[in-house]
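Structure assessment
Below, each chain spelled out in residue letters.
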Amino acid sequence: MTQQLLLYPLLFQLFLSILLMFFWTKIETQKVISIVGSCIAVFLSALLFYEVWNFGTQTVQAANWEAPYGITFVADTLSATLVLLTSIAGLAVSLYSSASVIPARLRFGYFSIYHFLLLGLTGAFLTGDIFNLYVWFEIIIISSFVLITLGGEKAQIEGAVKYFTLNILASIIFLTAIAVLYGLAGSLNMADLAVLVPQLENRRLVEVAAILFLVGFGIKSAVFPLYFWLPASYHTPPSAVAAIFGGLLTKVGVYALIRIFSLIFLKDVFLDEILMVIAVLTLFSGAIGSLVQRNVRKAFSYLIICHIGFMIGGLAMFTKVALTGMVFYLIHDIMVKTNLFMISGLIYRIKGTNNMKYLGDLYDKFPKLSFLMFIPFLSLIGVPPFSGFWPKISLILATLEQKNYILLGAIIFGSLLTLIIIARLWSEVFWKKGEELPVRKHFLYYQKMTNLKKVQFIAPIIMLTGVSLYIGFGAEHIQQLSSRIASELFDNTSYIEAVMPQNK
Amino acid sequence: MKTLILRTASNYLLPILLLFSIFILLRGHYLPGGGFVGGLIASIAFVLHAFANGLKDTKKLLKFHPGFLMPVGLAISFLSGALPVLVFDEPFMTGLWMHDAIPVLGKLGTALFFDIGVYIVVQGVTLTIIFTISESA
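Residues numbered from 1 in each chain as written. Chains lettered and ligands numbered in written order. Predicted model: local features only at pLDDT ≥ 70, side-chain atom pairs only at ≥ 80, totals over all residues.

Moving on: the overall build of chain A. When you go through chain A residue by residue, the secondary structure sums to 21 helices and two strands. Across its three principal directions, the C-alpha atoms of chain A cover 70 × 55 × 40 Å. The burial tally for chain A puts 58% of its 504 residues in the buried class. Nonlocal contacts in chain A, meaning residues at least 24 apart in sequence, comprise 79% of its contacts between residues at least 6 apart. (Helix = DSSP H or I, 4+ residues; strand = E, 2+ residues; numbered from the N terminus. Buried ≥ 20, exposed ≤ 12 C-beta atoms within 10 Å, placed from the backbone. Contact = placed C-beta atoms within 7 Å.)

Right, here's the structure in full:
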């Protein structure tokens, strides 16, 4: 096997988006390239995952410059898993976009930008250099700006402005944090920083840098006081875009937090307490925020925030059990949240609205589809044996071990409210007697689509539901994977040695 | 701004600026310059031409939409970076160099092709933006 396998998922996404630019005006060709390309991307990521699982952490020094001077790309088990999940979600959404996004939006290079977004995500998961991480974040937000504004409706622009403002702010704070850290330690390589930062004498300034990172990534991952941009913007773009945003964009922020706080800023009581408070408040505010929403997609947006709390809580406890639960939850969450937004898109295409007040009757008219949509809901709530159940066991075990009853209460509260929200959604959208809505003239209804389009619409939902079911019923494997990732995160020496073998 | 002086001058300035942009591009490896600056200078040449003779004439001169330059440039840059990965199994962006120098150009390497890619992309982006703005104005 070639040494450079690590870079293939990354380079392939770049290749795809350049190729798609050559077919700017031919939308049908773009659809084919994007779907076939995403299949190949899944294959390449699976290869990388196989390689990392069997032979341990892989590294590549870009342009052959030795670490810590060059940019290192590192694939440990966490990165490889996330790259694989990104490519699976990418395939699903690519298939889904080809049926659900109207041609007027696809005309302006939708697929090309979409693959740039996937490139940014893959790069952020693979890089081992903190400034390079910033660059990937820029690629992610620039392409997400384009995706969120494509179409140019009034509500979209309004959402985009909020999204843009806060994300730019987050980038600036992130960049400042890098500058402070570079001024202190004189290095940008994360493994090198992991060695240097604990030896620094100016602890106060290190803490300042840590807080800056926390705020920057906190905005991106939508934690408690910094989440306002998310529910304000995620219900405006097409549901395909919202699916990839909801599934992966906030998770990149969480991933960055995990990396920074498991590698560079370790064992700091002050920071752990802050993270704990943030986790509890995020769980509360997200759940309560979701409770009052009458728009399906807004309710889901608040649920994203609520469930970020689980992961931050796991990170705050920082024991092996807690990290296992956190990683498991991350894996489960990416699949389920992507699926949820695709489901909201399906509801929208059937009824022409996402407002719970007017929705209803879905179970009566589409029993099979309703059953399909029911499974991700169960996974989301965490009804055993579905996928959301298993990580919560680990998380609750960890809180009991630490006698951290506040977080325990918050976790149970968050799960319970998720149950209530989904139960209410189910009764309002699926069981209630719905109103007859006036038929919109130029609206692409699901009922009027050709059979091929219907398959393109439903197949990604079935696919991700299948993955969710596997995560639930094959929990043993995922638990094994999560505990391996957790032990890698818990003891960062293997990561450092993989990047800089001369440091042994 | 269709003055005679500007129109006459722009006819001479266009090739000179283009040559200068290529000079800046080639100079860039060791000295200040490079693909980005070169690309900007080249697009200034076309923008000046558009000022003097109108947008239609410049578009006729270019013969294709400047937006097409973006994927072409990106592809050149991408290939120059990916070539070491695909052919020699070296890390991404590893510089590959020819052994012997060529007169005037100097030593050829993948870095030059990366810069040429940047040069083309910058032209494509700048001209697309400026042409679009001046069309809608």
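Text resumes after the structure shown.
To continue, consider the packing of helix α17 (residues 389-402) of chain A against helix α18 (residues 405-431) of chain A. Residue and element names in this part refer to chain A. Packing of α17 against α18 leaves a shortest axis separation of 9 Å and a crossing angle of 155 degrees. Taken as axis vectors, α17 and α18 run roughly antiparallel relative to one another. Contacts between α17 and α18 pair K392, L395, I396, T399 and L400 from the former with L407, L408, I411 and S415 from the latter. Residue composition of the contact of α17 with α18, by class: six nonpolar, two polar and one charged. (Axes fitted to C-alpha atoms, helices over the stretch in contact; angles between N-to-C directions. Parallel < 35°, antiparallel > 145°, perpendicular 65-115°, else oblique. Nonpolar A, V, L, I, M, F, W, Y, C, P; charged D, E, K, R; others polar.)

It is worth spelling out the packing of helix α13 (residues 296-317) of chain A against helix α14 (residues 320-351) of chain A at this point. Helix packing geometry: the angle between the two helix axes and the distance between the axes. Residue and element names in this part refer to chain A. Across the interface, α13 lies against α14 with an axial gap of 9 Å and an inter-helix angle of 175 degrees. The angle between the axes of α13 and α14 places the two elements in the roughly antiparallel class. Together, V296, R297, F300, I304, H307, F310, M311, G314, L315 and M317 of α13 and A322, L323, G325, M326, Y329, L330, D333, K337, L340, F341, S344 and I347 of α14 make up the contact between the two elements. Grouping the amino acids of the contact of α13 with α14 by side-chain chemistry returns 15 nonpolar, four polar and three charged.

Once that is clear, we can look at the environment of A:S415. All names here are of chain A. With respect to the helices and strands, the residue S415 is situated in helix α18. A residue is classified by how many C-beta atoms lie within 10 Å of it, and S415, with 21 of them, is buried. For the pair S415 and I381, spaced 34 residues apart in sequence, the C-alpha to C-alpha distance is 6.5 Å.

Listed per partner, the contact involves 14 residues of chain B and 15 residues of chain A. Each residue belonging to the side of chain B that touches chain A can be placed in one class, and the counts come to ten nonpolar, two polar and two charged.

Turning next to the UniProt feature "transmembrane region" (unreviewed entry) in chain B. Residue and element names in this part refer to chain B. The positions that UniProt labels "transmembrane region" (unreviewed entry) are, in the present scheme, residues 12-30, 36-55, 67-88 and 108-133. Counting secondary structure, residues 12-30 comes out at 84% helix and 0% strand; the distance between its end C-alpha atoms is 29 Å. As a span, residues 67-88 carries 91% helix and 0% strand, and end to end its C-alpha atoms are 33 Å apart. (UniProt positions renumbered as here; feature names shortened; annotations may be inferred.)

Turning our attention to the pairing of strand β2 (residues 72-75) of chain A. Residue and element names in this part refer to chain A. Burial along β2 is two-sided: T72 and V74 facing one way and F73 and A75 facing the other are all buried. When strand β1 (residues 58-61) meets β2, the two strands line up antiparallel, connected through four bridges. Its bridge partner being in β2, T59 is matched across the sheet by V74. (Pairing = 2+ DSSP bridges.)

The next subject is helix α20 (residues 475-490) of chain A. Residues and elements named next belong to chain A. Over its 16 residues, α20 runs 21 Å from end to end, which matches the ideal 22 Å to within 8%, given 1.5 Å per residue. Every buried residue of α20 is accounted for by A475, I478, L481, S482, I485, A486, E488 and L489. Considered in projection along α20, the buried side chains sweep an arc of 160 degrees and stay on one side of the axis. Projecting away from the buried face of α20 at angles above 90 degrees are the exposed residues E476, H477 and Q480. Of the surrounding secondary structure, the elements contacted by the buried residues of α20 are α3 (77-100), α11 (239-264), α14, α17, α19 (451-473) and α21 (493-499). (Expected span 1.5 Å × (residues − 1). Arc of directions from axis to C-beta.)

This part is about the environment of A:V499. All names here are of chain A. Turning to its location among the elements, V499 is positioned in helix α21. For the pair V499 and Q30, spaced 469 residues apart in the sequence, the C-alpha separation amounts to 38 Å. Contacts of V499, omitting those with residues within four sequence positions, involve T59, A67, T72, V74, G128, N189 and A191.

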